[in-house]
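Okay, here's what each chain looks like letter by letter:
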Amino acid sequence: EPEVTQTPSHQVTQMGQEVILRCVPISNHLYFYWYRQILGQKVEFLVSFYNNEISEKSEIFDDQFSVERPDGSNFTLKIRSTKLEDSAMYFCASSKGGPRSGANVLTFGAGSRLTVL
Amino acid sequence: SQQGEEDPQALSIQEGENATMNCSYKTSINNLQWYRQNSGRGLVHLILIRSNEREKHSGRLRVTLDTSKKSSSLLITASRAADTASYFCATDVDQFYFGTGTSLTVIP
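Below, the structure is looked at part by part. What you see is a predicted model; the values in this text were computed from it and never measured.

Definitions and limits used
- Residues numbered from 1 in each chain as written.
- Chains lettered and ligands numbered in written order.
- Predicted model: local features only at pLDDT ≥ 70, side-chain atom pairs only at ≥ 80, totals over all residues.
- Heavy atoms only, no water.
- Core = buried A, V, L, I, M, F, W, Y, C linked by side-chain atoms within 4.5 Å.
- Buried < 20%, exposed > 50% of the residue type's maximum accessible area, 1.4 Å probe, protein only.
- Helix = DSSP H or I, 4+ residues; strand = E, 2+ residues; numbered from the N terminus.
- Contact = heavy atoms within 4.5 Å.
- Buried area = accessible area lost by both parts, 1.4 Å probe.
- Salt bridge = Lys/Arg side-chain N within 4 Å of Asp/Glu carboxyl O.
- Nonpolar A, V, L, I, M, F, W, Y, C, P; charged D, E, K, R; others polar.
- Pairing = 2+ DSSP bridges.
- Axes fitted to C-alpha atoms, helices over the stretch in contact; angles between N-to-C directions.

This next bit is on the nonpolar core. Most often, soluble globular proteins have nonpolar side chains that are buried together. With 22 residues, the main nonpolar core has Trp34(A), Leu46(A), Phe61(A), Val67(A), Phe75(A), Leu77(A) and Tyr90(A) as its most contacted residues. Secondary-structure elements contributing two or more residues to this core are β3 (19-24), β4 (31-37), β5 (43-50), β7 (65-68), β8 (75-79), β9 (88-95) and β11 (112-116) of chain A. Sequence-distant contacts of Phe61(A), defined by excluding residues within four places in its chain, comprise Leu46(A), Val47(A), Ile54(A), Ser66(A), Val67(A) and Leu77(A). If you look at the next biggest cluster of nonpolar residues, it comprises 21 residues, including Ala19(B), Met21(B), Cys23(B) and Ala85(B).

Pasting the structure below:
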């Protein structure tokens, strides 16, 4: 069964450092997403990406964050200057179609745990 | 916010009992989905119900949708210890928004 893979599984960084989280979505999916979950709490939408551009972003996704699809397979989330409150589990997900285009479901990766010290 | 709210926040039952979780949301939706999350893992899709459907079954799962009340319920029948997980509803309007989750513990 196709999977969404995320690396690293766990990253520890110092406050103020830049972090890049990587994701390989399912190959025939067209929509990509990043979600954040702070310590077992709610799953918060960060950003969606389609056709090589951001289609939607939440208020959490400020100038500190950026996403990129540098090649045909990877989808990355960059956090430029990490803060303590960025400590969370970051999930990448992908879907064939978007939320407005029919009954599409998300396939999630296993997550990248970010710890900011 | 488009996010749903699951109720209860936590539920503890004996193996073999049924578990019912509820989800309320705020705006009109196209579809509503339920996902499961095992501790420390990613979310896994369980079932999708379209806005024009009222009930849907998948194995031991039964989902209902009441668009007039903007609510859905997930029933897991004959629960097993392996059903212990967090369960989230997700609505799709502009984006896929998840609720706060119900933490289910099934005691063997």
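Moving on from the model shown.
Right, let's talk about the interface of chain A and chain B for a bit. When the parts come together, some accessible area is lost, and that loss is often what is quoted as the size of the interface. Listed by partner, the interface residues are 25 residues for chain A and 23 residues for chain B. Contact between chain A and chain B buries roughly 1,900 Å² in total, counting both sides, with carbon and sulfur atoms accounting for 57%. At the junction of chain A and chain B, the tally comes to zero salt bridges. Elements that contribute at least two residues to the side of chain A that touches chain B include exactly β4, β5, β6 (53-57) and β9 of chain A. It is β5(A) that provides the largest number of residues to the side of chain A that touches chain B, a total of four residues. The residue inventory of the side of chain A that touches chain B, partitioned by class, reads 12 nonpolar, nine polar and four charged.

All names here are of chain A. One open sheet holds the four strands; their spatial order is β1-β3-β8-β7, and the pairing between them is antiparallel. In this open sheet, the two strands that pair with only one neighbour each are β1 (5-7) and β7. If you compare each strand with its neighbour and ignore which way they point, the axes differ by 15° on average. One ladder, built from four bridges, connects β7 with β8; its direction is antiparallel. Bridging across to β8, Ser66 finds its partner in Lys78.

Remember, this is a structural readout, not a statement about activity or role.
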